[in-house]
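In case you want the letters, here they are:
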Amino acid sequence: MRAFDYIAPDSTESVVAALAAHSPNARLLGGGTDLIVDLKHTSNTPKVLVDVSQVEDFHGIEMTDRGLRIGSMVTHTEIMKSEIIQKELPAMVDAAHTVGAVQTRNLGTLGGNLVTCVPSMDSGPTLLALDALVTIAGPKGSRQITLEEFFVGPRKTCLEPDEVLVDIIIPKENVGKPTHFLKFGLRKGQALALVNAAASFHVGDGNIFSAPRIALGAVAPVVMRATKAEDFLAGKEITEANMAEAGEIAVTEIKPITDFRASKEYRRELVAVFTRRCLAGAYALHQSRA
Amino acid sequence: MDDKVRVAEQQDLDTLESLREADADLRLPAVVEPVAYPLETLTPVARQQTPAVGQRAPRPDGRLHGLGQTKYIDDMTFPDMIHAKVLRAGIASARIISIDVSEAEAMPGVLATLVGKEIPVNSYGPSIQDQPLLADEFVRHAGDGVAAVAAVSEQIAKDALAKIKVEYEPIEPVFDPLEAIKEDSIKVHPTASNIYASKIVKKGDVEKAFAESAHIFEDQYRTQMVEHVPMEPHASIAMWDANERVSLWSSLGRITLGRADMARVLNMPVNRVRMIATIVGGNFGGKNELTTEPVLALLSKKTGRPVKGVYSREDEFISSTTRHPFIMDYKTGVSAEGKILARKVRLILDGGAYCSWSETTLGKACILSPGPYNIPNVHIEAYVTYTNKTMTGAMRGFGAPQVCFAYESQMDDIARKLGIDPLEIRMMNAFEEFADSPTGQVLESVVVKDSLKIAADRFGWKENG
Amino acid sequence: MTDVTLTVNGKERSASVPPETTLLEMLRSKLNLTGAKLGCDVGDCGACTVLVAGKSVNACLMLAVQANGRDVLTIEGLATAEAFHPLQKTFEELASLQCGFCGPGIILSAKTLLDENPDPTVQEIKDALAGNLCRCTGYTKILEGVVDAARIMNGKQDAA
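Residues numbered from 1 in each chain as written. Chains lettered and ligands numbered in written order. Predicted model: local features only at pLDDT ≥ 70, side-chain atom pairs only at ≥ 80, totals over all residues. Heavy atoms only, no water.

A.B. asks: Sorry if this is basic, but what is going on with the overall build of chain C here?
C.D. replies: Looking only at helices and strands, chain C has five helices and five strands in total. Traced from its N-terminal end to its C-terminal end, chain C shows the element sequence β-β-α-β-β-β-α-α-α-α. Relative to its length of 160 residues, chain C is compact, with a C-alpha radius of gyration of 16 Å against a globular reference of 15 Å. The long-range fraction of contacts in chain C, counting pairs at least 24 apart against all pairs at least 6 apart in sequence, stands at 55%. As displayed, chain C offers around 5600 Å² of accessible surface, 48% of which is attributable to carbon and sulfur atoms. Charged side chains of chain C number 14 positive and 19 negative; the gap between the two group centres comes to 2 Å. (Helix = DSSP H or I, 4+ residues; strand = E, 2+ residues; numbered from the N terminus. Rg over C-alpha atoms; globule rule 2.2 N^0.38 Å. Contact = heavy atoms within 4.5 Å. Areas by Shrake-Rupley, 256 points an atom, 1.4 Å probe, with all protein chains shown as cover. Lys, Arg positive; Asp, Glu negative; His and termini not counted. Charge placed at Lys NZ, Arg CZ, Asp CG, Glu CD.)

A.B. asks: Help me understand the packing of helix α8 (residues 255-266) of chain B against helix α9 (residues 293-303) of chain B, please; the structure alone is not making it clear to me.
C.D. replies: Axis angle and axis distance: for two packed helices, these are the angle between their axes and the distance between the axes, and together they describe the pair. All names here are of chain B. Their axes nearest at 10 Å, the elements α8 and α9 cross at an angle of 55°. Taken together, the axes of α8 and α9 lie oblique to each other. Seen from above, α8 lies across α9 with right-handed handedness. Across the interface between the two elements, Met262, Val265 and Leu266 of α8 pack against Glu293, Pro294, Ala297 and Leu298 of α9. By residue class, the composition of the contact of α8 with α9 is six nonpolar, no polar and one charged. (Axes fitted to C-alpha atoms, helices over the stretch in contact; angles between N-to-C directions. Parallel < 35°, antiparallel > 145°, perpendicular 65-115°, else oblique. Left-handed = near helix turned anticlockwise from the far one by under 90°. Nonpolar A, V, L, I, M, F, W, Y, C, P; charged D, E, K, R; others polar.)

A.B. asks: Just checking my understanding: could you explain the sheet that holds strand β2 (residues 11-17) of chain C for this structure?
C.D. replies: In a beta sheet, neighbouring strands are held together by backbone hydrogen bonds and run either parallel or antiparallel to one another. Residues and elements named next belong to chain C. On the basis of which strands lie adjacent, the open sheet formed by five strands has the order β2-β1-β5-β3-β4 and mixed pairing. Two strands in the sheet have a free side with no partner beyond their single neighbour: β2 and β4 (55-58). On average, adjacent strands in this sheet sit at an angle of 40° to one another, irrespective of strand direction. Examined bridge by bridge, strand β3 (residues 49-52) and strand β5 (residues 71-73) share two bridges and lie antiparallel to one another. Bridged to Val52 within β5 is Val72. Relative to the sheet, helix α3 (residues 103-116) contacts β3, β4 and β5, its axis offset from that of β3 by approximately 35°. (Pairing = 2+ DSSP bridges.)

A.B. asks: What should I look at first to understand the pairing of strand β3 (residues 110-115) of chain B in this one?
C.D. replies: Residues in a regular strand point their side chains to alternate faces of the sheet. Residues and elements named next belong to chain B. Burial analysis of β3 places five of its six residues in the buried class, which makes it a mostly covered element. Pairing between β3 and strand β5 (residues 145-151): five bridges, direction antiparallel. Considered in β5, the bridge of Ala112 is made with Ala150. (Buried < 20%, exposed > 50% of the residue type's maximum accessible area, 1.4 Å probe, protein only.)

A.B. asks: Is there a simple way to explain the interface of chain C and chain B in this structure?
C.D. replies: In many analyses, interface size is given as the accessible surface area lost on bringing the parts together. Listed as interface residues are 45 residues of chain C and, on the opposing side, 42 residues of chain B. Together, the buried faces of chain C and chain B total about 3500 Å²; carbon and sulfur atoms form 54% of this surface. Counting the surface chain C buries against chain B, the share from its top three residues, C:Phe84, C:Glu92 and C:Arg135, is 20%. The interface formed by chain C and chain B includes four salt bridges. Residues C:Arg28 and B:Asp74 are paired through a salt bridge, measuring 3.6 Å at the closest nitrogen-oxygen approach. Here chain C is connected to chain B by 16 residue pairs in polar contact (both at pLDDT 80 or more). Elements that contribute at least two residues to the side of chain C that touches chain B include exactly β1 (2-8), β2, α1 (23-30), α2 (86-93) and α3 of chain C. For the side of chain C that touches chain B, the element with the most residues is β2(C), which contributes five residues. Per-class residue counts for the side of chain C that touches chain B are 23 nonpolar, 11 polar and 11 charged. (Buried area = accessible area lost by both parts, 1.4 Å probe. Salt bridge = Lys/Arg side-chain N within 4 Å of Asp/Glu carboxyl O. Polar contact = N/O pair within 3.5 Å; in protein donor to acceptor, adjacent residues only side chain to side chain.)

A.B. asks: What am I meant to see in the pattern of salt bridges here?
C.D. replies: Any two side chains of opposite charge can pair, so long as their charged atoms come close to each other. All names here are of chain A. This structure, assessed with the given rule, holds 38 salt bridges over all chains. A salt bridge links Asp38 to Arg27; the shortest N-O distance between them is 3.6 Å. Linking Asp38 in helix α2 (residues 35-41) with Arg27 in strand β2 (residues 26-29), this pair joins segments that are 11 residues apart in sequence. Overall, the relative accessible area of 31% leaves Arg27 in the partly exposed class.

A.B. asks: Hey, could you run me through the sheet that holds strand β17 (residues 377-385) of chain B in this one?
C.D. replies: Residue and element names in this part refer to chain B. The mixed open sheet is built from five strands, whose spatial order is β7-β17-β16-β15-β8. Strands at the two margins of the open sheet, each flanked by one partner only, are β7 (195-203) and β8 (215-222). Each strand axis lies, on average, 5° off the axis of its neighbour in the sheet, ignoring direction. Across eight bridges, β7 lies against β17 in antiparallel orientation. The residue of β17 that forms the bridge with Ala197 is Val384.

A.B. asks: How do you make sense of α3(C) when you look at a structure like this?
C.D. replies: Because each turn of an α-helix spans 3.6 residues, side chains separated by three or four positions end up pointing in the same direction. Spanning 14 residues, α3(C) covers 20 Å between terminal C-alpha atoms, matching the ideal 20 Å at 1.5 Å per step. The complete set of buried residues in α3(C) reads C:Gly103, C:Pro104, C:Gly105, C:Ile106, C:Ile107, C:Leu108, C:Ser109, C:Ala110, C:Lys111, C:Thr112, C:Leu113 and C:Leu114. (Expected span 1.5 Å × (residues − 1).)

A.B. asks: Would you mind showing me how to read the pairing of strand β6 (residues 133-138) of chain A here?
C.D. replies: Residues and elements named next belong to chain A. Burial analysis of β6 places six of its six residues in the buried class, which makes it a mostly covered element. Residues Leu133, Thr135 and Ala137 line one face of β6 and the alternating positions Val134, Ile136 and Gly138 line the opposite face, and both faces are buried. As paired strands, β6 and strand β7 (residues 141-146) are joined by six bridges and run antiparallel to one another. Bridge pairing in β7 links Leu133 to Thr146. Where β6 folds back on β7, the antiparallel hairpin that results is connected by two residues. The pairing of β6 with strand β10 (residues 164-171) spans five bridges and is antiparallel. What sits directly across from Ile136, in β10, is Leu165.

A.B. asks: When you look at the packing of aromatic side chains in this model, what are you seeing that I'm missing?
C.D. replies: Where two aromatic rings form a pair, the distance of their centres and the angle of their planes describe that pair. Across all of its chains, the model carries 12 aromatic pairs over all chains by this definition. With centroids separated by 6.1 Å and ring planes inclined at 85°, the aromatic side chains of B:Tyr221 and B:Tyr330 adopt a geometry described as edge-to-face. Of this pair, B:Tyr221 sits in strand β8 while B:Tyr330 sits in strand β15 (residues 326-334), placing them 109 residues apart in sequence. By relative accessible area, which is 8% here, B:Tyr221 ends up buried. An aromatic cluster of at least three residues, connected via ring pairs, comprises A:Phe184, A:Tyr266 and A:Phe274. It is B:Arg88 that lies over the ring of B:Tyr311; its NZ or CZ is 5.2 Å from the centre. Above the ring of B:Phe210, the side-chain terminus of B:Lys331 is found at 4.5 Å from the ring centroid. (Phe/Tyr/Trp six-rings, centres within 6.5 Å; stacked < 30°, edge-to-face > 60°. Lys NZ or Arg CZ within 6 Å of the ring centre and 35° of its normal.)

A.B. asks: Help me out: how do you make sense of the environment of A:Asn207 in this one?
C.D. replies: Residue and element names in this part refer to chain A. Within the secondary structure, Asn207 is located in the loop between β12 (193-204) and β13 (208-217). On the accessibility criterion, Asn207 (27% relative accessible area) is partly exposed. In this structure, the C-alpha to C-alpha distance between Asn207 and Val16, residues 191 residues apart in sequence, is 48 Å. In this view, Asn207 contacts Lys236, Glu237, Ile238 and Tyr283; residues no more than four positions away in its chain are not counted. In this structure the side chain of Asn207 is engaged in a polar contact, spanning 3.0 Å, whose partner is the side chain of Tyr283.

A.B. asks: How should I be thinking about the packing of α3(C) against helix α5 (residues 140-153) of chain C in this particular structure?
C.D. replies: Residues and elements named next belong to chain C. For the pair α3 and α5, interaxial distance at closest approach is 11 Å and the crossing angle is 40°. Considering their axes alone, α3 and α5 lie oblique with respect to each other. Crossing of α3 against α5: the hand is right-handed. Across the interface between the two elements, Ile106, Ala110 and Leu114 of α3 pack against Ile142, Val146, Ala149, Ala150 and Met153 of α5.

A.B. asks: What is the right way to look at the side chain of B:Glu316 in this model?
C.D. replies: All names here are of chain B. Here Glu316 is to be found in helix α10 (residues 313-319). Summary of buried charges: Glu316 has no salt-bridge partner, and the nearest side chain of opposite charge, Arg313, is 5.0 Å away. With near-sequence residues (within four places) excluded, Glu316 lies in contact with Glu227, Pro230, Pro233, His234 and Tyr311.

Right under this line is the structure:
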C-alpha cells in the first residue's frame, strides 16, 4: 500500500472535524474489508485515513424510542450474535450470515456494507424491507433519511465527502415484523449474490397482507423495492397464489444485467421464485410465533 | 553439566534482556523471539514396517505445517534483500517498438531494471524454446512480461512499473483455436502454421467398422481454461555472488530441469547455477518450469543484492500456465447390443501463446481419448495450436480429465439412446486383464470392472440409479 | 511512523511502522512470525488468518494500527513447549494438510469454532472454514481433523 496518514477520532464531532479538514483527500475506514483491498490494488490513495471504528456513537445495538438502533460500526458477527435481532428480526441474522466468511464478518461492518453501495450487498434488502432510516452526521449537524434515499447508484450514496454514517434505525413498528431474507450465490460461502431478496409484511385482520415490502438486490443499479408487487399485495388475502403473483410482478420491475455470474434471464427467474419464497418465509415466521 | 557453562548462558540471557529494553526505548521493531513448540518427533511407524499397506504413514512435514514452522520462499529473507516486480503487457498481440525504463530507474528506492534484450538467451521452454523471459520483440499474450524492476520495497517496485513506458504496435490477435488452425489464420509465431505439435493413433479400420455399426454417435465436447491457483504464488529469491555463481531458492517443482534452463538462458556453465528447492505451497503442474528466476538472477547480478520475486495473484492468473481448453469431436459406432465397434476422435488443444508442456499433454490426451474400453477400431488425431492467450501447460492429468469428460459424456448418451443402464454399458465395454490399449500396449493389473462394481455397490447404484 | 503495541501470543510486542502497514506485514516482517501467509491479498483465501481479541480476521485486510493494544494469536502461539493444540495433533495424524500453506489459517479458524462451539456439526465446520481455501486436499481430511480434535477436547477420546 502507498503511504497515508492515519487518525482515529473518538467522537462523531471529531470525525466531522477531521473530514472538514481533510476532505476530499480523506477516506473513512470502518472494518476495512473493502477499503483496504481498494487501497492495495487501485491507484487512488487518500492522504488521510479516518478510522471511525473507535467512535462510541457508531457502536451498539439497542432499542430506543424511535426503534432499534444499530451503530454503523456494528460488525456482521455482532448482528448475528445480538439477542434482540435474533428474536425480533432473524432475517437480519440470515442476511449477515451470507456476507463473506467468518473473517470478513468479524471485521466488516453494517455501515461499511451500506456505504459501499454495491448492488449485490447482502445487508440492503432486509433493511429496505423494514423501512430502515439512516442517521448522517456532517458539518451542518445530523440528518435522518430513509435508506432508500441513501442509495443513489452503483457504489454511490448520497453521503457528501464531509459526511459520515452514524447509525441505522429500524422503526419501532417494524421491530418484530415478519421478514425473510434469501440469497443465491454460486457457492454457499464467500460468494457475491446473483440475486438476493427480502420480504416483510404484517398479518392484518382477516389474514391479509398489511404493509407488505419486497426488496431485491443485484437486479438493478442499487438495491430496490418492488413497489408494484407491494401494491398488488396490500390488503389481499395471504395465499400462495398471491405470493406467486407478486413474484411475477416483481420481475417486471427489475433491470437485471447479464454478467459473468449470471444472465439477466436467469436473474429474472430467480426474482420470481425468491420473491414468492421470501413472502412464504415471512408468513411461516409469523405462524411459528403465533 | 559444568557450572561455568551455565553462568555463560545466564549472561547471554541478560544481554538479550537489556537489548530488548533498549529496543523498546528506541521504538524499534521488537527483537525476534524464538517460538517454542514441542520438539519430540513422531515416529513414522509405517516406514519401519513391511508391508506398509494398511499402515498409517504420517507426512514427514505434517507436524511443522500445523505449527506454522514450514518455511516457504516468501517466509525467507536475506540481509539487504530487495524486491522485484514484472510489468505485464496487458495487450494480447503487439510488436514492441520501444521500452523506456529511465523514469522508473530514476525513482528513489529503485535499484535496477531489466528488459528482454539484456537476457543472454531470451528463450526457454520445456520442449520447444519458444517463450521469452521478458518479451523483447513481440508480445503474444496479455500476461507476457516486458520489463522488470528491483527496488527496496515491493510497493516501490510496483509504483516503478507504472513509470515504464512501452510503445506497442498492435497486431490483430487470434483467440479461437478453430480459427488459429486455419491455413490463412494470423500467425502467433513466425511459423508456417499455428499448429506446433500433433499426433495420430490408428488401430484397425474405423470407416469399415462405422459402416457395420447399428448406431453412430457424433458429438462435440469443449472444456475451459483452468488456472492451478496454488495457495502459494510462484516465488523465488536469487543471489548472484562475487564468484559469478548464482543461487536460487525457488518454488519451482523441477529443479534439475530448471537448472539446465537457467544455465542455458544465462549462457553460463551449469555448475555455476545452484538451485535450492524448498517446500512448495501447491504445484499441481503449474510450477514445473521457470518463470522469473533468470530475471531475478540478472537483477541480483546488476545490484549485488539478493532479489526476491513473488507473483501477485493477478500475475498468477494471467501469466502462469493453465490447463488446456479442448475442443473434442467424437464419432462412435456401436452395435445394436451396445458394444463399441469404432471410435474416431479429433482433439484441438488450445495451447495459448507458448508451448510449455503441450507436447506431453497432447500425447497423453491422445492415448487416453478412447477411454478405458475395448474398441477394436480407433482413429485419433490431436493438434495443439498457438493462440494469443495465456499459455497452457502441465496440470494434473496432462489432458486426461478433458478427454474423460468427453468419452464418459458420450457413453451416457449412448446408454440413454439404446435404453441400456449406464453402468451396464460400461461393464460391457470396459478393459479386462491383458486388454490391448489403442497403442497396442498389453495392459496388466486391470481393475476397471471391479472398481465400477465396488463403487456401484457402495453408493447404491441399483437402488438409487 | 505509528507506534503499535500488540500482545502477540501472550507477549507484549511493539514496533514503529508506517500507518499503511498491514497486521500481516507487521507480524511477518517485524516480528518474524511467518506462519500467517499472503495468499490472495484481497481477503478471500484465509491463508493470513490470525485471531485478534479471540476473533478470526484476515490479517492482510487489517492495518497493524487497527489492532493496537489488542491480543493477537498467531499459529506460532497455539502450541506450548510442552503440548500441541489438539487440532495440530489430529491434523498431523490424519495428514489433513498436504502442501501446508493454508494450514495455519485453517487451524486458527477451526480453533475459534471449537472455542465457541465445542461440538459442531459437519455443516457448522464447513461454515466456519468457508473463508479458508485449500487447493490440495479437497477438505475431507481437514473436516475429519476438526471432528477428531473436538472429540479430544470434549474428553470423548484420549489424546493419543
